[in-house]
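# Residue-level structural notes
Here is what each chain is made of, one letter per residue.
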Amino acid sequence: IKIFLGTEAVALYSLASSLIGHIRSLMPIEGIVSPIIPQYINDKERLNRILGKSVKYQLLGYAVIGFAAFVFMPPFVGYFFPHYLPALPLYNVMLFSLVPTGFAVIIAPVFYALRRQKSLFFAYAARLAMTAVFMPVLAYYFGVIGVAYEFVLTLLAFVALRYWAL
């Protein structure tokens with residue numbers, strides 16, 4: 001980011017990314033489901049039901065938390081940290097990453113339970129490659145907000161790849 005947009009863009013992205021990380025940590029379903037998945041890996045019907053409900057509640061929780069964060073974070077940041085207001089447009093775009101994250105955090109333990117770490121490794125390598133391709137292009141055309149677009153686009157593609165591989 002620094003190479004394409006400068007040090008200030010790195011700071012804005014870092015703040016927006018940290019805020020998104022805090023929002024993600026408010027939904028603990030992954031920690032609850034991860035130990036359960038290996039027990040039911042051979043019972044496809046029950047596993048599908050667990051995964052379906054987990055994704056449903058994870059997405060619902062992220063939708064509620066994401067909406068609340070979209071509404072309440074700007075006034076909070078504006079009042080307590082006004083010098084961070086330029087990071088809010090990135091943050092608002094990055095809130096859309098909560099949708100694919102709802103799938104990603106539930107799918108990852110399935111790969112571990114199926115012992116398909118090699119497939120997961122290649123998915124992470126593909127994610128790195130997508131970042132290397134998308135970031136310069138989107139940063140060039142859209143500036144700092146392009147980095148947030150890249151974050152969401154790469155995560156969407158990454159989750160689609162993992163879902164397809166699963």
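Scroll up to find the structure.
Overview of the structure. Counting from 1, residues in each chain are numbered in the order their sequence is written. The predicted nature of this model means local features are confined to residues of pLDDT at least 70 and side-chain atom pairs, given and counted, to a pLDDT of 80 or more, with totals for whole chains, interfaces and linings taken over all residues. Computation of side-chain values covers all heavy atoms of the structure but excludes hydrogens and water.

## Regarding a positive patch on the surface
- Together, Arg46, Arg49, Lys53 and Lys56 make up a positively charged patch on the protein surface.
- The residue Lys53 is located in helix 4 (residues 44-80) in this model.
- Relative accessible area decides the class of each residue, using a 1.4 Å probe on protein chains only: under 20% of the type maximum gives buried, over 50% gives exposed, and in between gives partly exposed. Taking relative accessible area as the criterion, Lys53 reaches 45% and is therefore assigned partly exposed. Residues qualify for a patch when their relative accessible area is over 30% and they have no salt bridge, like charges being joined within 9 Å and the nonpolar side chains of Val, Leu, Ile, Met, Phe, Trp and Tyr within 5 Å. Each accessible area value is a Shrake-Rupley result obtained with a 1.4 Å probe; residue values ignore everything except the protein chains displayed when judging cover. Whenever Lys or Arg places a side-chain nitrogen within 4 Å of a carboxyl oxygen from Asp or Glu, that contact is recorded as a salt bridge. We count Lys and Arg on the positive side and Asp and Glu on the negative side, and we leave His and both chain ends out. The atom standing in for a charge is NZ when the residue is Lys, CZ when it is Arg, CG when it is Asp and CD when it is Glu. In this description a helix means any DSSP run of H or I spanning at least four residues, a strand means any run of E spanning at least two, and both kinds are numbered starting from the N terminus.

## Points about the packing of aromatic side chains
- Pairing of aromatic side chains requires ring centres within 6.5 Å, counting the rings of Phe and Tyr and the six-membered ring of Trp. Pairs whose planes differ by under 30 degrees are stacked, by over 60 edge-to-face, and all others tilted. Within the structure shown, the criterion is met by nine aromatic pairs.
- Measuring from centroid to centroid gives 5.0 Å for Phe76 and Phe80, while their planes differ by 50°, and the two rings are tilted. Separated by four residues within a single helix, Phe76 and Phe80 lie in helix 4, roughly one turn from each other.
- On the basis of relative accessible area, Phe76 is assigned to the partly exposed category, the value being 40%.
- Between the aromatic rings of Phe142 and Tyr149, the centroid separation amounts to 5.3 Å while the plane-to-plane angle is 90°, which identifies the pairing as edge-to-face.
- A relative accessible area of 45% places Phe142 in the partly exposed class.
- Residue Tyr149 is classed as partly exposed on the basis of its relative accessible area of 34%.
- The aromatic ring of Phe158 is capped on one face by Arg127, whose charged end is 4.8 Å from the ring centroid. Look at NZ for Lys and CZ for Arg. If either is within 6 Å of the ring centre and within 35 degrees of the ring normal, a charge sits over the ring.

## Examining the nonpolar core
- In plain words, nonpolar cores are sets of buried Ala, Val, Leu, Ile, Met, Phe, Trp, Tyr and Cys residues tied together by side-chain atoms within 4.5 Å. Ranked by internal contacts, the top residues of the largest apolar core, which has 35 residues, are Ile37, Tyr91 and Met94.
- Those elements giving two or more residues to this core turn out to be helix 2 (7-24), helix 3 (29-33), helix 4, helix 5 (88-94), helix 6 (98-113), helix 7 (117-142) and helix 8 (144-165).
- Broken down by element, this core gets its largest block of residues, eight residues, from helix 4.
- Beyond its immediate chain neighbours, meaning those up to four positions away, Met94 contacts Tyr13, Ala16, Ser17, Ile20, Ala148, Phe151 and Val152.
- Core analysis: the next-biggest nonpolar cluster, separate from the first, contains six residues, Ala104, Ala123, Met130 and Phe158 among them. Working rule for contacts: check all heavy atoms of both residues, and any pair within 4.5 Å makes them a contact.

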